[in-house]
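Structural overview for review
The lines below spell out each chain.
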Amino acid sequence: MDLKFNKKKRLGDILIDAKVINQMQLEEALTHQRLKGGKLGGAFIELGILSEEQLNSALSKQLNIKQISIKDKVISNDVISLISEEIIRKHKAIPFYMDDSEVHLAVSNPLDIELEDKVFDITGGKLVVSFLATEKEIDEVIQKHFEQHIDFEDSDEIEQELYGRTKIDASVQSANPIINLTNQMLRDATIQNASDIHIDPEEDKAVIRFRVDGTIRFYREVSKNVHNKLIIKVKNSAGLDFTKTNNPQSGRTTFLIGGNEIDLRIETLPSTNGEKVTIRLLDRNSLILDLDKVGFMGESLERFKNLLKRKSGIVVVTGETGSGKSSLCYAMLSNLNNGEVNILTAEDPVEYELAGVTQVQINERAGLTFPSILRSFLRSDPNIIYVGEMRDSETAEIAVRSAITGHLVLSTLHTNSSAGTISRLVDMGIEPHLVAESLVGVINQRLVQSICPHCKKPYNWKVEDSIKRKFNIKHESMILYKGEGCNECNGTGKKGRIPIQEIMVMNEEISQLIKNNPTRYEIEDLARKDGFITFKEDGWNKTLHGLISLETLKGEILFA
């Protein structure tokens, strides 16, 4: 049997050929994978269609690859360190034997040609022989190997490294294993484009997880002893008091990797099993400041650009937590920052520093609240004011009155629609006539997973009746796009996230309507006469353009 030829076949086809699943089960697993992420093999296991042993047995027979139990093998450090921990964790593979001509790998994915190519190059052309092992056993070996060297019988000098406040540098190798663990964790999170790291304590261990493209993914487990030392290192790097474990703390530091400096926001939280730490990663180089690339299309893009030409009024960006509201506001501020205006911001926290902009960090203990800062702003001759979030009625009222008195104000709110923002402001105590006079535009957005560009393929879709009626489609079939799954997207068919947006620009008719306490639907109906494109319509447009899949449209936009 030609192993390389078979490796080009897709997993679903291999399992159908092996007669261990049918087409209906394959479709069920593919749908589960698209909605939940992860690998297709994992979807079969999670749905109970196959056990991991059944999956591996079928792959072993079809691909003519031997199965192996790796957990009890004695593996020398020279062999297992042949490839980096990063590659081992990413590909779930363990090198366990090597001689002058061959290297043997225990792999969880025998279809991973990219891994074999990497090992072939690393070893200078040695023959790579793969053996199939369960992912659980591979994880156990990874856990055992990469923690067994964490030795706390270190000198005082090495131990002292944990307690100094220094920038975290990925290129630094330390005699202290906790520092190396911290660097590796941050390096892997950066490589995987994680937005957050969660260090969650449990009764007898701690679990480290990454949030990637909006989904939480397991990274590794550590012992309680390692967890405690890791928390000390992280807290000290951010200037926090490591002796205080019963109170939440917030801090910040930076992480250097490949000449790039990434901002880290640290939050600690006491729990019944110890301190939980959340690390938000903010890569300044990934911040999109070009207005043509923030997600708007066609007429909505022109409306967005025209909105920023206003000299006064308030523009509100709305959406759920983690929907990219702050990033969009930074793009707006960057565009407005032409050197001829005075821009002042009140933020909690300041996520990115903008040259030429005066940014003030909220510090309630020092009396720097949103209302107090805004009052000071009005005495500082501003042209443009950014309020990170209108959390209370006092902040909202000052922001609204600032907009009425000749300032352009940008701010954010947590609402689910553009029209719903108007009633939210009224509920916060702002008189309807003040909302009508001050509000010039509302932008609502949500981030959804986009199709992987590396494996995107067109297909012929028979239009479903529910979607045909919703978008008034006349055709019986259409060309849409989906990701087939590849190494770049870990077989999910999805990679990265893009915003689905709606932008409502106020006009005289809408402003008059606002004064009469209208419903959300009355506002939307009037706005549609002026060309307003709804959130769902924007999602459909981006489906047609091959940016998101039909499954994402239905699961996260139409029927969410």
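Because the structure is a prediction, the values reported are computed rather than measured.

Reading the values: the criteria
- Residues numbered from 1 in each chain as written.
- Predicted model: local features only at pLDDT ≥ 70, side-chain atom pairs only at ≥ 80, totals over all residues.
- Heavy atoms only, no water.
- Axes fitted to C-alpha atoms, helices over the stretch in contact; angles between N-to-C directions.
- Helix = DSSP H or I, 4+ residues; strand = E, 2+ residues; numbered from the N terminus.
- Parallel < 35°, antiparallel > 145°, perpendicular 65-115°, else oblique.
- Contact = heavy atoms within 4.5 Å.
- Nonpolar A, V, L, I, M, F, W, Y, C, P; charged D, E, K, R; others polar.
- Polar contact = N/O pair within 3.5 Å; in protein donor to acceptor, adjacent residues only side chain to side chain.
- Pairing = 2+ DSSP bridges.
- Buried < 20%, exposed > 50% of the residue type's maximum accessible area, 1.4 Å probe, protein only.
- Arc of directions from axis to C-beta.
- Right-handed = clockwise from strand over helix to strand, strands pointing away.
- Core = buried A, V, L, I, M, F, W, Y, C linked by side-chain atoms within 4.5 Å.
- pLDDT = per-residue confidence, 0-100.

Moving on: the packing of helix 11 (residues 177–191) against helix 12 (residues 224–237). Look at helix 11 against helix 12: their axes get within 10 Å of each other, and the N-to-C directions meet at 75°. Considering their axes alone, helix 11 and helix 12 lie roughly perpendicular with respect to each other. Packed against helix 11, whose contacting residues are Ile178, Ile179, Leu181, Thr182 and Met185, the element helix 12 presents Val226, Lys229, Leu230 and Lys233 at the interface. Of the residues belonging to the contact of helix 11 with helix 12, the class tally is 6 nonpolar, 1 polar and 2 charged.

What follows is about the side chain of Thr421. Residue placement: Thr421 occurs in helix 17 (residues 418–427). Only 3.0 Å separates the side chain of Thr421 from the side chain of Thr415, close enough to count as a polar contact. For Thr421, the residues in contact, after removing those within four places along its chain, are Val316, Thr318, Leu413, Thr415 and Val442.

As for its placement among the helices and strands, Ile232 is situated in helix 12. For the pair formed by Ile232 and Gln449, sequence separation is 217 residues and the distance between their alpha carbons is 35 Å.

Strands sit in the order 4-8-9-10-5-6-7 across an open sheet of 7 strands; the sheet is mixed. Edge positions in the open sheet fall to strand 4 (168–169) and strand 7 (215–223), since each of these has one partner strand only. Bridging between strand 6 (residues 205–212) and strand 7 involves 8 bridges; their strand directions are antiparallel. Within the sheet, the bridge partner assigned to Arg211 lies in strand 7 and is Ile216. The strands that helix 12 touches are strand 4, strand 5 (194–201), strand 6, strand 7, strand 8 (249–257), strand 9 (260–271) and strand 10 (274–283); relative to strand 7, the one it contacts most, it runs at about 115°.

Since the α-helix advances by 3.6 residues per turn, residues separated by three or four positions end up pointing in the same direction. Those residues of helix 13 (residues 298–307) not exposed but buried are Ser300, Leu301, Arg303, Phe304 and Leu307. Along the axis of helix 13, the buried residues cluster in a sector spanning 160°; they form a single face. Considering only its buried residues, helix 13 is in contact with strand 11 (313–318), helix 14 (325–336), strand 16 (439–451) and strand 19 (494–505).

What follows deals with the environment of Leu425. Structurally, the position occupied by Leu425 is in helix 17. Spatially, the C-alpha atom of Leu425 lies 37 Å from that of Arg209, the residues being 216 residues apart in sequence. The residues touching Leu425, leaving out its near neighbours within four places in the chain, are Met390, Leu413, Ile430 and Val435.

We now examine the sheet that holds strand 2 (residues 102–107). If you trace the 3 strands from one edge of the open sheet to the other, you get 1-2-3, paired in mixed fashion. The strands lining the two open edges of the sheet, one partner per strand, are strand 1 (93–98) and strand 3 (127–132). Ignoring which end each strand starts from, the neighbouring axes of this sheet average 30° apart. Note that strand 2 and strand 3 share 6 bridges and pair parallel. If you follow Ala106 over to strand 3, its bridge partner there is Phe131.

What follows is about the pairing of strand 15 (residues 408–413). Buried residues dominate strand 15, accounting for 6 of its 6 residues. Note: strand 11 against strand 15, 6 bridges, orientation parallel. Residue pairing across strands places Gly313 opposite Leu408, the latter belonging to strand 15. Here 4 bridges tie strand 14 (residues 384–387) to strand 15, and the two strands are oriented parallel to one another. Counted as the bridge partner of Ile384 is Leu408 from strand 15. Of the crossover connections in this fold, the one passing from strand 14 over helix 16 (residues 393–404) to the parallel strand 15 is right-handed.

Counting 36 residues, the largest nonpolar core has Ile314, Met390 and Leu439 as the members making the most contacts within it. In terms of residue count, the dominant contributor to this core is helix 16 (5 residues). Setting aside residues no more than four positions away along its own chain, Ile314 makes contact with Met390, Ala399, Ala403, Val409, Ser438, Leu439, Val440 and Gly441. Counting 31 residues, the second-largest nonpolar core is a separate cluster that includes Val315, Tyr330, Leu410 and Val505.

Here we come to the confidence of the model for the protein chain. Confidence in the prediction of the protein chain, expressed as mean pLDDT, is 88, and 93% of residues score 70 or more. Note on residues 1–6: pLDDT is under 50 here. Beyond four places in sequence and across chains, it has 13 contacts.

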